[in-house]
Amino acid sequence: MNPSPFQVTSRLVKDVAVVYPQGYLNNLAGEGLVSECSRYARTGIKKVVVNFGKTDLINSIGISLLLHVMEELQAVEGTLCFTDMSKVQVDIFEMLGLSKFFLFFPDEDRALQFLNVRER
Amino acid sequence: MPLHGIPAKEYLNREDELAYLRRLADPGADALALNVLLVGARGAGKTELLKQLYQRLFWEGQQVVPFYYSFKTAALKSTTFARDYFSRFIRQYLAFLRKEPLLIDASGTPLHRLMPLISSLGLNWMAEGIDNFQENAGQGDIYGQVFSAISAPAGAAQRGGRPILVMLDDFTTAEELHEARRGDASGLTSLFEESMKSSLCPHIITGSPASRLEAIFSDPSLYKGTERLRLPPLPEDIAHDLFVSLLGKEIACDRGAALGLMRRLRGNPLYIRNIARSLRKTGKKALTERDLSECYGAEVSEGDTAFYWSSVFNDCIREKGLKRPVLRLLMHRLSRGECDGTERLSQVLGMREGDMGKALDVLDAFDPGQDGDPVFADYLRSRYLREVEERSARDIQACLREEYGAAPDPSVFEMVIPMGDQAELVAARAVDQIGKNIRLEPDFLNYIQMALVECCINATEHSGSYEKKIYLKFITSPQRLEIVIESSGRPFSPDLLQEVPVEQKLAAGRKRGWGFTLMRKIMDEVRVERIHDRTRVTLIKNINRSEVRK
Ligand SMILES: Nc1ncnc2c1ncn2[C@@H]1O[C@H](COP(=O)(O)OP(=O)(O)O)[C@@H](O)[C@H]1O
Ligand SMILES: [Mg+2]
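Residues numbered from 1 in each chain as written. Chains lettered and ligands numbered in written order. Predicted model: local features only at pLDDT ≥ 70, side-chain atom pairs only at ≥ 80, totals over all residues. Heavy atoms only, no water.

Asks: Go over the overall build of chain A with me, naming the residues and quoting the values.
Replies: Counting its regular elements, chain A contains 4 helices and 6 strands. Considering only C-alpha atoms, chain A reaches an extent of 35 × 25 × 25 Å along its principal axes. Of the contacts formed within chain A by residues at least 6 apart in sequence, a portion of 68% connects residues at least 24 apart. Carbon and sulfur atoms make up 49% of the accessible area of chain A, which totals about 5700 Å². (Helix = DSSP H or I, 4+ residues; strand = E, 2+ residues; numbered from the N terminus. Contact = heavy atoms within 4.5 Å. Areas by Shrake-Rupley, 256 points an atom, 1.4 Å probe, with all protein chains shown as cover.)

This is the structure we're talking about:
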């Protein structure tokens, strides 16, 4: 693990927002992620995929902000999917008893498939 | 005798525990629990903690009446116990009201002689209670008698208008309460259930070994409303302070050597006191590494510590013929680190399967409960060498010294990081490299990094101090990785340390506070202590072979 400064990028695939948090997911970064998701939500997007492929480390504040995103999406009956998490990251959610609240997929394609979206 | 604790100024590092326990019965504070199960290794200071608490309540308190009772092998016949428990309670109550310590110890005084005092204090309800108890005692109903003794504090709390803090020491011995012979009346401990329900009469219960104490409390009737308070060993530096102060000003001791000894003693105050006492007896004024190792060898083979363990051993293993088999079994486990099946064991040790089965049963009940305690291991080793291998005292000392010297010095890294600026990542990088140096698996290290990051974040959030620094210490040995994280600032509130179920947490809108849960899940042990004006969190992870790269 070699945490780098945080950055969040995103793209829209049909009606799904795919978000890419990079580096260290802490309070600062987590808020960036929350506002990115809210931005999409305001335009009526209800499906969000968070791809953790470039995320090095998630701390507990990051986790609490992910819970926040989940609640926002739940309020509009949206769906939140996590993909490309490392074994340790998945484990952490498991340890905290939080895995039942999220949908996990090995990669983005499978999450998009689940959400009935086919790229191109 | 509850008032005979060590002087408060010699009592180190248990302020948090004392404060927590004091809150139990304080009518003003909202207590966190009804009853507390105090668990800790033998010699960790459970009895002393109760005495210190007693002392403070007795002299400083006005409202809460402390009652201390220690279960003794000599008073386990139910009728004897009932009388003993009841009359001690009455005397301690009166002693508190009169601030007269002599009353506590005056165990010979018959209860009726206390009547004038009781009536001069206007405690009619107590006089009635004594009459009732004595009537009961005449009727030969054993359960009734024991029950009325046990209920005395709860009754007094109700009628006397003062809460009572009941402290039951060596409660594991209470399991052996009986009518005429051991084992003829089981379940007498469950009679405590009723009085433990009274909110005016909280109980603090302790005893050894922890596993047996826990087993008694797995009974759901006793379990409800009972919190656990774990009494950790003294931290290394405090242990060293204690050791130095016990040696006294006139004796000098090499600091490195002393710290090595403290590590061997695992911060156990009982061991520290014992060895300091024997070192004083040597009459030497400047102690070297060699002095310490020699004294240690003598201490665990024939000193007070050996005597202590012998009496625990003999008390648990009463059948003479079983002592040797149990000793051999323990030694086998110690050197092999594993428990094989009965058949295999009897082959290896050349013992009959029947004997082996019996020895295993006894061993289960004995449960020294001091896993990984090198002092206990050395005691066993010396006893084994003497009784099974029949080696000479000189041989034994030589073996112990070798064992003492063989313990490798752990490597220690220290660093100071600022709070904020993602400095926790710097600490995470450090632990990564330290772990790599001892060939730990990267995945394993990832978890440790998570725990460490959480700990640093916590320190930052609780700081509020002028000194925005976090002090870190990484201590590694082949068996374990220990990280000590210190920072000044507000103490953590105990609520933070409590585990709350996920659903409850989410429902309460509390999305934060996962840090401690995470640390606990990842590490084998998480200790939180207040050392002077700093909070110290110690994260400990034992290293298994699978976590080390080939
Ligand atoms: N915090 C402490 N500071 C100094 N001495 C202590 C402390 N706690 C315990 N001791 C001493 O250590 C010894 C063992 O403590 P004790 O309460 O008998 O252990 P336990 O009841 O847990 O087996 C006693 O002599 C006690 O006075
Ligand atoms: Mg004790």
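That covers the picture; the talk isn't over yet.
Asks: So, the site of ligand 1: which residues are in play, and what are the values?
Replies: Residues and elements named next belong to chain B. As a matter of local geometry, ligand 1 sits amid 17 residues, with L12, G43, K46, T47 and E48 nearest to it. Measuring from a nitrogen atom of ligand 1, one finds a backbone N or O atom of L12 at 2.7 Å. In the environment of ligand 1, an oxygen atom lies 2.7 Å from a nitrogen or oxygen atom belonging to the backbone of K46. Here ligand 1 loses 87% of its free accessible area of 560 Å² to cover by the protein chains. Its atoms largely coinciding with the cavity grid, ligand 1 occupies the second largest pocket. Counting residues per element, the ones that place at least two in the shell around ligand 1 are helix 2 (46-60) and helix 14 (269-281). Across the shell around ligand 1, the residue classes tally to 8 nonpolar, 3 polar and 6 charged. Both domains that meet at the shell around ligand 1, namely domain 1 (8-230) and domain 2 (236-304), each give it at least three residues. (Near = heavy atom within 4 Å. Polar contact = N/O pair within 3.5 Å; in protein donor to acceptor, adjacent residues only side chain to side chain. 1 Å grid on protein atoms, 1.4 Å probe; cavity = no way out; pocket = protein on both sides within 12 Å on 5 of 7 lines; lining within 4 Å. Sits in = over half its atoms within 2 Å of the grid points. Nonpolar A, V, L, I, M, F, W, Y, C, P; charged D, E, K, R; others polar. Domains from an automatic or database assignment.)

Asks: Describe helix 13 (residues 255-264) of chain B, with residues and values.
Replies: All names here are of chain B. Buried within helix 13 are the following residues: A257, A258, L259, L261, M262 and R264. Buried residues in helix 13 make contact with helix 12 (236-247), strand 6 (252-253), helix 14, helix 15 (289-302), helix 20 (374-387) and helix 21 (393-406). R266 occupies a position one or two residues after helix 13 and carries a positive phi of about 50°. (Buried < 20%, exposed > 50% of the residue type's maximum accessible area, 1.4 Å probe, protein only.)

Asks: Provide a residue-level description of helix 1 (residues 15-25) of chain B, including the pertinent values.
Replies: All names here are of chain B. Among all positions of helix 1, only E17, L18, Y20, L21, L24 and A25 are buried. Along the axis of helix 1, the buried positions cluster into a sector of 165°, meaning they face one direction only. For helix 1, the secondary structure elements touched by its buried residues are strand 1 (35-39), helix 2, strand 3 (164-169), strand 4 (203-206) and strand 5 (226-230). (Arc of directions from axis to C-beta.)

Asks: Summarise the interface of chain B and chain A; cite the residues concerned and give the values.
Replies: If you look at the interface, chain B gives 24 residues, while chain A gives 25 residues. Summing the contributions of chain B and of chain A, the shared interface buries around 2400 Å²; its carbon and sulfur component is 67%. Across the chain B-chain A interface, the total number found is 0 salt bridges. A per-element tally of the side of chain B that touches chain A places helix 23 (residues 442-461) of chain B first, with 9 residues. Taken together, the residues of the side of chain B that touches chain A break down into 10 nonpolar, 5 polar and 9 charged. (Buried area = accessible area lost by both parts, 1.4 Å probe. Salt bridge = Lys/Arg side-chain N within 4 Å of Asp/Glu carboxyl O.)

Asks: Requested: an account of the pattern of salt bridges, with residues and values cited.
Replies: All names here are of chain B. Inspection of the entire model under this criterion finds 34 salt bridges over all chains. The residue D378 makes a salt bridge to R264 at a minimum N-O spacing of 2.7 Å. Of the two residues, D378 is situated in helix 20 and R264 in helix 13; the sequence distance between them amounts to 114 residues. Accessibility classification places D378 together with R264 in one group, the buried group. Of the charged contacts in the structure, one is a salt bridge between E387 and R383, with a shortest N-O distance of 3.0 Å. With a gap of 4 residues between them, E387 and R383 both fall in helix 20, about one helical turn apart. On the basis of relative accessibility, which here comes to 7%, the residue R383 falls in the buried class. Beyond isolated ion pairs, a larger network of salt bridges with shared partners links E176, R182, D315 and R318.

Asks: Explain the domain arrangement of chain B to me, using residue names and the numbers behind them.
Replies: Interface size is commonly expressed as the accessible area that is lost once the parts come together. Residues and elements named next belong to chain B. Parsing chain B into structural domains produces domain 1 (8-230), domain 2 (236-304), domain 3 (315-391) and domain 4 (411-547). Measuring from the centre of the C-alpha atoms in domain 2 to the corresponding centre in domain 3 gives 29 Å. Here domain 2 and domain 3 share an interface that buries about 730 Å² over both sides, 49% of which is from carbon and sulfur atoms. Of all residues in domain 2, the largest losses of buried area upon contact with domain 3 belong to R264, Y271 and V300, amounting jointly to 58% of the total for that side. If you look at where domain 2 meets domain 3, you find 1 salt bridge. At the surface where domain 2 touches domain 3, the tally comes to 3 residue pairs in polar contact (both at pLDDT 80 or more).

Asks: Outline the layout of surface pockets, supporting the account with residue identities and numerical values.
Replies: Residue and element names in this part refer to chain B. Of the voids in this model, the second largest pocket is the one considered here, and its volume is about 1500 Å³. Lining the second largest pocket are 50 residues, with T47, D169, D170, S208 and Y308 positioned closest to its centre. Taken together, the elements giving at least two residues each to the lining of the second largest pocket come down to helix 2, strand 2 (65-70), helix 3 (78-98), helix 8 (171-174), helix 14, helix 16 (304-316) and helix 19 (353-366). Residue composition of the lining of the second largest pocket, grouped by class: 20 nonpolar, 11 polar and 19 charged. (Points joined across faces, edges and corners; volume = space filled by probe spheres on them.)

Asks: Describe the sheet that holds strand 3 of chain B, and please don't skip the residues or the numbers.
Replies: Residues and elements named next belong to chain B. Within the open sheet, the 5 strands sit side by side as 2-3-4-1-5. Their pairing is parallel. Edge positions in the sheet fall to strand 2 and strand 5, since each has one partner strand and no second. Each neighbouring strand pair of the sheet contributes to a mean axis angle of 20°, computed without reference to strand direction. Most of the contacts of helix 2 go to strand 3, to which it runs at about 155°, and overall it touches strand 1, strand 2, strand 3 and strand 4. Contacts from helix 3 reach strand 2 and strand 3 within the one sheet, and its direction differs from that of strand 2 by about 150°. (Pairing = 2+ DSSP bridges. Axes fitted to C-alpha atoms, helices over the stretch in contact; angles between N-to-C directions.)

Asks: Quick one: what's the story with the nonpolar core, residue by residue and with numbers?
Replies: Generally speaking, nonpolar side chains in soluble globular proteins are found buried as a group. Residues I90 and F171 of chain B are the most contacted members of the largest nonpolar core, which totals 78 residues. Top contributing element to this core by residue count: helix 3 of chain B, with 10 residues. Leaving out residues up to four positions away in the same chain, F171 of chain B has contacts with F71, T189, F192, I205, T206, G207, L213, I216 and F217 of chain B. Counting 70 residues, the second largest nonpolar core, distinct from the first, contains I61, M70 and L80 of chain A together with C455 of chain B. (Core = buried A, V, L, I, M, F, W, Y, C linked by side-chain atoms within 4.5 Å.)

Asks: Break down the packing of helix 6 (residues 124-138) of chain B against helix 7 (residues 142-160) of chain B for me, citing the residues and quoting the values.
Replies: All names here are of chain B. It is the contact of helix 6 with helix 7, at a shortest axis distance of 10 Å, that shows an interaxial angle of 170°. Looking at the two axes, helix 6 sits roughly antiparallel to helix 7. Each of W125, E128, F133, N136 and A137 in helix 6 lies in contact with helix 7, whose residues at this interface are G144, Q145, S148, A149, A156, R159 and G160. Among the residues making up the contact of helix 6 with helix 7, the classes are represented as 5 nonpolar, 5 polar and 2 charged. (Parallel < 35°, antiparallel > 145°, perpendicular 65-115°, else oblique.)

Asks: How would you summarise the packing of aromatic side chains if you had to cite specific residues and measurements?
Replies: Under the counting rule described, the total for this entry stands at 31 aromatic pairs over all chains. Between Y296 of chain B and Y404 of chain B, the aromatic rings sit 5.1 Å apart at their centres with planes inclined by 45°, giving tilted as the arrangement. Highlighted residues: Y296 of chain B in helix 15 and Y404 of chain B in helix 21, separated in sequence by 108 residues. Here the basic side chain of R39 of chain A rests over the ring of Y40 of chain A, its NZ or CZ set 5.1 Å away from the ring centre. Cation over ring: K99 of chain B sits above F58 of chain B, and NZ or CZ is 5.5 Å from the ring centre. (Phe/Tyr/Trp six-rings, centres within 6.5 Å; stacked < 30°, edge-to-face > 60°. Lys NZ or Arg CZ within 6 Å of the ring centre and 35° of its normal.)

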